[in-house]
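Overview (structure and organization)
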Amino acid sequence: MATAKKSLSQYDRSKIPDGKNFRIALVVSEWNQSITEALFQGAKDTLLVHNLSEDNIVRIDVPGSFELIYGAKMAQQMNFNAIIAIGCIIKGETMHFEFISNAVANGIKDLNLNGKAPVIFCLLTDNTIEQSKARSGGIKGNKGVEAAVTAMRMINL
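Residues numbered from 1 in each chain as written. Predicted model: local features only at pLDDT ≥ 70, side-chain atom pairs only at ≥ 80, totals over all residues. Heavy atoms only, no water.

Looking at the packing of helix α1 (residues 33-49) against helix α5 (residues 143-155)
- At a minimum axis separation of 7 Å, α1 and α5 run at an interaxial angle of 40°. With respect to α5, the element α1 is oriented oblique. Here α1 and α5 pass one another in a crossing that is right-handed. Contact residues: α1 offers L39, G42, A43, T46 and L47, while α5 offers K143, G144, V145, A148, V149 and M152.
- Residues belonging to the contact of α1 with α5 are distributed by class as follows: 7 nonpolar, 3 polar and 1 charged. (Axes fitted to C-alpha atoms, helices over the stretch in contact; angles between N-to-C directions. Helix = DSSP H or I, 4+ residues; strand = E, 2+ residues; numbered from the N terminus. Parallel < 35°, antiparallel > 145°, perpendicular 65-115°, else oblique. Left-handed = near helix turned anticlockwise from the far one by under 90°. Contact = heavy atoms within 4.5 Å. Nonpolar A, V, L, I, M, F, W, Y, C, P; charged D, E, K, R; others polar.)

Some words on α1
- Over its 17 residues, α1 runs 24 Å from end to end, which matches the ideal 24 Å to within 8%, given 1.5 Å per residue.
- Restricting attention to buried positions, one finds in α1 the residues I35, T36, L39, F40, G42, A43, K44, T46 and L47.
- Looking one or two places after α1, you find N51, whose phi comes out positive at around 75°. (Expected span 1.5 Å × (residues − 1). Buried < 20%, exposed > 50% of the residue type's maximum accessible area, 1.4 Å probe, protein only.)

Concerning helix α2 (residues 68-76)
- Within α2, the full set of buried residues consists of L68, I69, G71, A72, A75 and Q76. Along the long axis of α2, the arc covered by the buried residues comes to 165°, so they all point the same way.
- Summarising the contacts, the buried residues of α2 are in contact with β1 (24-29), β2 (57-62), β3 (82-90), α3 (96-114) and β4 (119-126). (Arc of directions from axis to C-beta.)

Thoughts on the sheet that holds β4
- Here we have 4 strands laid out as an open sheet, ordered β2-β1-β3-β4, and parallel in their pairing. With partners counted over all chains shown, the strands left at the sheet margins are β2 and β4, one partner each. Pairwise comparison of adjacent strand axes, ignoring direction, gives a mean angle of 15° for this sheet.
- In this structure, β1 lies alongside β3, joined through 5 bridges in parallel fashion. By the bridge assignment, V28 is partnered in β3 with I86.
- Where α2 meets the sheet, it contacts β1, β2, β3 and β4, and its direction lies at approximately 165° from that of β1.
- Where α3 meets the sheet, it contacts β3 and β4, and its direction lies at approximately 170° from that of β4. (Pairing = 2+ DSSP bridges.)

Examining the nonpolar core
- With 25 residues, the main nonpolar core has I24, L26, L47, L52, I84, I86 and M152 as its most contacted residues.
- Going through the elements one at a time, β1, α1, β3, β4 and α5 are the ones with two or more residues in this core.
- Broken down by element, the residue count for this core peaks at 6 residues, all from α5.
- Not counting the four nearest positions on each side in its chain, L47 is found in contact with I24, L26, L52, I57, A148 and M152.
- If you look at the next biggest cluster of nonpolar residues, it comprises 20 residues, including I60, A72, I83 and V119. (Core = buried A, V, L, I, M, F, W, Y, C linked by side-chain atoms within 4.5 Å.)

Things to note about the packing of α2 against α3
- Two elements in contact, α2 and α3, have axes whose closest approach is 9 Å; the angle formed by their N-to-C orientations is 15°. The orientation of α2 relative to α3 falls into the category roughly parallel. Considering the relative orientation of α2 and α3, their crossing is right-handed. The segment α2 lies against α3, with L68, I69, A72, K73 and Q76 engaging A103, V104, G107 and L111.
- Taken together, the residues that form the contact of α2 with α3 break down as 6 nonpolar, 2 polar and 1 charged.

Okay, here's the thing in C-alpha cells:
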C-alpha cells in the first residue's frame, strides 16, 4: 500500500471481524530492533483491540529479515490462522538491500501460494531510518497496525 498521503494506522473498524477465535503469530526480525519493536507493538495492540486474547498472539523472534521466511514457514506448521512477518531493511551502500528485500518478498509470496495460512508482509524497505521511523509509529502511522488489520481480514476470507 502506498503511503504518500495516507496514515498506515487509519482503517474502517466496521470491516474488521471479531478476533476472539483467531490465533496469530508475529514473526519479528531482531535487526533494526527499535523499528521492529514499534511495528510489533502496533500489530499486537491492534489485535488486542479486536478481541484476540494475549494467549492467541504468539511472538517468534528471528535474527534478521531474511530469516522471516523460515520463521513464517515454521509458524504455518503450527496451526495459526495467520502469520505477520515483521522486519525492516534500510538501504545501504551495497546491493544487499535489493537482494534481501527481493528474497523476503518472494519467500513470503511462495508461502502464501503453498501454505495453509496467510503470511502478511510487514517489512519496511526504506531508504533512510527517518522513513522507517515515520512508518513505525511516526507521521505516516504504523505499518504494524495495517498488517494486523490485513491479517484479520485475510482470516475472514
